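One-letter residues, chain by chain:
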Amino acid sequence: LAVPRQLGTTEQHDFSSEDHGFVYSQRMTRSMFFGVTAAALAAFSWSLSFIVPFVIGDYSLFDFTLLEFIVSGILGVGLLWRNAPTVRKLKLNDWLAGCSLGLIGYVAYFLAVMGAAVYAGPVIAPAFLGLVPVVLGVAGNLRKRTVSWSSLALPLGLAAV
Amino acid sequence: VTVVGERQWLVASGGGLQSRSLTLGIPLATLAVTFWTTFGLLNTSALARRPNMDVGVWTALIMAGAGISMLALPVGLLFGLFEIPRLGLHWVIAGPLIMWAFGLAIFANFGGASAWTFASQRLPVALAAQMITMEPISGTILGLLVHHRWPSVMEVLGMIVLLVGVIIAIGIFSKSAVVAHSPAPNAPWAPVIITAEQIDAEIERLSLLSAPSNGRRSSLIVHPSASTVAPGLAPGIQVSLSVLNPGEQTTPFRHNATEVNFCIRGTGYAVTAGRRIEFGRYDTWNTPSFVPYSRGNHGLEVQACLTYSNASLLQFMQVYLWEDNPSAMTGAGAEEEKVGTVDPRRTSPYGTFQIGEDGAMLMPYELLINPPPGRVKTLVLAVGEGQGRVAETRSAGPGLRRAPVVFDVQPNHRAHERHDAELLRNHYYPSAEYRRSTPPARLCRDQLLLPRSWSQFRGWQRVRMEGR
């Protein structure tokens, strides 16, 4: 996925100019801006699943899931094709892990989210999903304690309220 | 969303969908949270067990896996989960279904993952972790739009309290993550290819610019993974392309980086430390650290040189020093003068002596901060020099390529030199046995770090890197 930058974008190698720092700091903030925009776009694209049940007419969520994952499966296979030398080195174990992760994290999750959007409404369903990072953090902390539970009391209390 | 949503919402409510049924909704939402959390934990541990896994390939594998699980189609048909057999897939009815399915597959499953990877490479860990709270916010807004209603006061308050809690919690977790994690694995830069056409185009562009005040028409060739503080083509290595038009000359310059210069077009001369070097195409010479140098073009065509230096490493360490138009232009004379005169304050009366049984030495601080200068010497390798012998060393058998190294032997650094040579042998130039057992891709990464010797430019060559 890495695309080499074109040679034309290189900068003038001019040591005498004093605006080196300025140029670089400007580039830093620009890169931050692109980062925030990309993250917002990703979050927006993922949140679209909350409205899918209401825009597909009489079709069921299963119809939608079937179509969506056939398309994304083809995309995935296409990407694997492009990286054929790396893919050839993958073991059966890697394939099994990838497939089960796809089933849990994409298909099953997607069906549950769309079901929640239908039955729990437009506020409660996203609110529950908003808790995921906290649940992940707590699960990680249970496995390998890195944060004291007392420091989490306030934020977890707020979320619970 | 609003237009489609309005029409479809009427259809959906007419179709008998219960808008609110929390007894089913909350378990489903909990299930969704469970799936995502399980995915997150399993994914982290799966990637931890595969430190060399390419992130793009991994994402593609998961997407393909999700697609493969659609082979469970007959089970769904058995339970009558699908409406497609009844409704068909005519564009008139199925238009929104098809559009949204394609849209989400491309935009959310693939685009979302790529955008998230892109973002997490550019944002500090703490901020990237916080950005995920945009998802429930955006989901709520989109949901309310589709339902055509405003949120109630309680809902707004609840959401704000929840999000504040989540944001604080993420802050605590992401701060701890930095401490808890083991050192990050090395992330070697992906190979990039700068083609001859690109280099030629840049030479032309530089030659057409109006000459800068210092005369140096020069561009850096920078790898996309390079840090802005230390722009280089490989970690720690700066590569620049310098162009001079006929009759032009640069003003003197010096820096504490060591350069290897390589002429790729035209002819000219370089003056380093007072020594004048006439060079032509494919001649190679080095410029020692902190020696004033300038370059001129007395030929008839545009001159272009590639310069490889350790400036990026010095910049990364914040110790890069440079001087435009250094006053001591006459050469290393000024530096050497200081060596001759002995300043009593700079000489320790105790000298360097051994301490302990293992051979550790105690060096006076005066010597440490002001060591005697090593010999600085410019070495020139003209085209054709040693050609036969180099060709001899390069033909080492099928599937085996030797890369000879040009280096300077410092007479007063015998011990160091042996050590360096050993280091080179073990780390940069693995033994023939090792090379035979290693796929070519592994070797090329090392070889690309080196300035290419003139002999490689005598033709073209096919290099395989990571399957490319």
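Structure report, in brief. Predicted model only: the values in this text are computed from it and were never measured. (Residues numbered from 1 in each chain as written. Chains lettered and ligands numbered in written order. Predicted model: local features only at pLDDT ≥ 70, side-chain atom pairs only at ≥ 80, totals over all residues. Heavy atoms only, no water.)

Examining the overall build of chain B
Scanning chain B from N- to C-terminus turns up 17 helices and 13 strands. For chain B, with 468 residues in total, the buried portion stands at 38%. The contacts of chain B with a sequence gap of at least 6 include a subset with a gap of at least 24, amounting to 67%. (Helix = DSSP H or I, 4+ residues; strand = E, 2+ residues; numbered from the N terminus. Buried < 20%, exposed > 50% of the residue type's maximum accessible area, 1.4 Å probe, protein only. Contact = heavy atoms within 4.5 Å.)

Some remarks on the overall build of chain A
In terms of helices and strands, chain A carries six helices and zero strands. Along the chain direction, N to C, the helices and strands of chain A fall in the order α-α-α-α-α-α. Per-residue burial over chain A gives 48% buried out of 161 residues. Residue pairs at least 24 apart in sequence account for 57% of intrachain contacts in chain A once pairs closer than 6 positions are excluded. As displayed, chain A has an accessible area near 7700 Å², and 69% of this comes from carbon and sulfur atoms. (Areas by Shrake-Rupley, 256 points an atom, 1.4 Å probe, with all protein chains shown as cover.)

Re the pattern of salt bridges
Summed over all chains, the structure comprises eight salt bridges over all chains. Put simply, A:Asp94 and B:Arg50 hold a salt bridge, and the shortest N to O gap is 2.4 Å. Remark: B:Arg50 occurs in the loop between α2 (22–48) and α3 (55–68) and A:Asp94 occurs in helix α4 (residues 92–130); the pair is interchain, linking two chains. Note on A:Asp94: relative accessible area 10%, which makes it buried. (Salt bridge = Lys/Arg side-chain N within 4 Å of Asp/Glu carboxyl O.)

Side note on the sheet that holds strand β4 (residues 259–265) of chain B
All names here are of chain B. The six strands lie next to each other as β1-β2-β9-β4-β7-β13, forming an open sheet whose pairing is antiparallel. Each edge of the sheet is formed by a strand with only one pairing partner; in this case those strands are β1 (217–221) and β13 (380–381). Taken together, the five bridges between β1 and strand β2 (residues 238–244) define a ladder with antiparallel strand orientation. In the sheet register, Ser218 faces β2, and the bridge partner there is Ser242. (Pairing = 2+ DSSP bridges.)

Focus: the packing of α4(A) against α3(B)
Contact geometry of α4(A) with α3(B) gives a least axis separation of 7 Å together with a crossing angle of 70°. With respect to each other, α4(A) and α3(B) are oriented roughly perpendicular. At the point where α4(A) passes α3(B), the crossing takes the right-handed sense. Contact residues: A:Asp94, A:Trp95, A:Ala97, A:Gly98, A:Cys99, A:Leu101, A:Gly102, A:Tyr106 and A:Val107 in α4(A); B:Trp58, B:Thr59, B:Leu61, B:Ile62, B:Met63, B:Gly65, B:Ala66 and B:Ile68 in α3(B). Across the contact of α4(A) with α3(B), the residue classes break down as 12 nonpolar, four polar and one charged. (Axes fitted to C-alpha atoms, helices over the stretch in contact; angles between N-to-C directions. Parallel < 35°, antiparallel > 145°, perpendicular 65-115°, else oblique. Left-handed = near helix turned anticlockwise from the far one by under 90°. Nonpolar A, V, L, I, M, F, W, Y, C, P; charged D, E, K, R; others polar.)

A look at the interface of chain A and chain B
Counting residues at the interface gives 119 residues for chain A, matched by 136 residues for chain B. Interface area, chain A with chain B, both sides summed: about 11500 Å², of which 78% is carbon and sulfur. Linking chain A to chain B there are one salt bridge. Seen at the junction of chain A and chain B, the total is four residue pairs in polar contact (both at pLDDT 80 or more). Of all the elements in the fold, those that place two or more residues in the side of chain A that touches chain B are α1 (20–47), α2 (61–82), α3 (84–88), α4, α5 (132–143) and α6 (153–160) of chain A. Of the residues forming the side of chain A that touches chain B, the biggest block, 32 residues, is contributed by α4(A). (Buried area = accessible area lost by both parts, 1.4 Å probe. Polar contact = N/O pair within 3.5 Å; in protein donor to acceptor, adjacent residues only side chain to side chain.)

Considering the pairing of strand β5 (residues 268–272) of chain B
All names here are of chain B. Counting buried residues in β5 gives five out of five residues, a clear majority hidden from the surface. The alternating pattern of β5 places Gly268, Ala270 and Thr272 on one face and Tyr269 and Val271 on the opposite face, and all of these are buried. Strand direction decides the pairing type here: β5 and strand β6 (residues 275–279), joined by five bridges, are antiparallel. For Gly268, the partnering residue across the bridge sits in β6 and is Phe279. Joining the antiparallel neighbours β5 and β6 is a turn of two residues, in which Ala273 adopts a positive phi near 50°. Examined bridge by bridge, β5 and strand β8 (residues 293–296) share four bridges and lie antiparallel to one another. By the bridge assignment, Thr272 is partnered in β8 with Tyr293.

What about α2(B)?
Relative to the 39 Å expected for 27 residues at 1.5 Å per residue, α2(B) spans 38 Å between its end C-alpha atoms, a close match to the ideal helical length. Looking at the packing, one finds that the buried side of α2(B) touches α4 and α5 of chain A together with α3 and α8 (134–147) of chain B. (Expected span 1.5 Å × (residues − 1).)

A look at a nonpolar patch on the surface
Together, A:Leu154, B:Val156, B:Ile160, B:Val164 and B:Ile168 give the surface a local cluster of nonpolar side chains, amounting to about 400 Å² of exposed area. Of the residues forming the nonpolar patch, the biggest block, four residues, is contributed by helix α9 (residues 153–180) of chain B. When you line up the elements, B:Ile160 lands in helix α9. With relative accessibility at 47%, the residue B:Ile160 sits in the partly exposed group. (Patch = residues over 30% accessible without salt bridge, like charges linked within 9 Å, V, L, I, M, F, W, Y side chains within 5 Å.)

Describing the packing of α2(A) against helix α6 (residues 91–122) of chain B
Each pair of packed helices can be summarised by the angle the axes make with each other and by the distance between the axes. At their nearest, the axes of α2(A) and α6(B) sit 8 Å apart, and the two run at 45° to each other. On the basis of their axis angle, the class for α2(A) and α6(B) is oblique. Crossing angle aside, the handedness with which α2(A) passes α6(B) is right-handed. Of α6(B), the residues touching α2(A) (which contributes A:Phe64, A:Leu67, A:Glu68, A:Phe69, A:Val71, A:Ser72, A:Leu75 and A:Leu79) are B:Leu97, B:Ile98, B:Trp100, B:Ala101, B:Phe102, B:Leu104, B:Ala105, B:Ile106, B:Asn109 and B:Phe110. Looking at the contact of α2(A) with α6(B) residue by residue, the class counts come to 15 nonpolar, two polar and one charged.

Quick word on unusual backbone geometry
The phi torsion of most residues other than glycine is negative, and most of the peptide bonds are trans. Residue and element names in this part refer to chain B. For Ala273, which is not glycine, the phi dihedral falls at a positive 50°. With respect to the helices, strands and loops of the structure, Ala273 is situated in the loop between β5 and β6. Assessed through its relative accessible area of 30%, Ala273 is described here as partly exposed. Positive phi outside glycine occurs at Phe290, with the angle close to 60°.

What about the side chain of B:Ser309?
Residues and elements named next belong to chain B. With respect to the helices and strands, Ser309 occurs in strand β9 (residues 303–309). A polar side-chain atom of Ser309 sits 3.2 Å from the main-chain amide nitrogen of Ala311. Ignoring any residue separated from it by four or fewer positions in sequence, one finds Ser309 in contact with Gly236, Ile237, Gln238, Ala257, Thr258 and Glu259.

Quick look at the pairing of β2(B)
Each regular strand shows side chains that alternate between the opposite faces of the sheet. All names here are of chain B. Counting buried positions along β2 yields seven of seven residues, so the element is predominantly enclosed. Every second residue of β2 is oriented toward a common face, with Gln238, Ser240, Ser242 and Leu244 on one face and Val239, Leu241 and Val243 on the other, all of them buried. Two strands pair when backbone bridges link them, and β2 and β9 are joined in this way by seven bridges, in the antiparallel orientation. Paired with Val239 across the two strands is Tyr308, which belongs to β9.

Structural notes on the environment of B:Tyr320
Relative to the elements of secondary structure, B:Tyr320 occurs in the loop between α11 (311–316) and β10 (322–324). Through-space distance from the C-alpha of B:Tyr320 to that of B:His255 is 7.5 Å; in sequence the pair is 65 residues apart.

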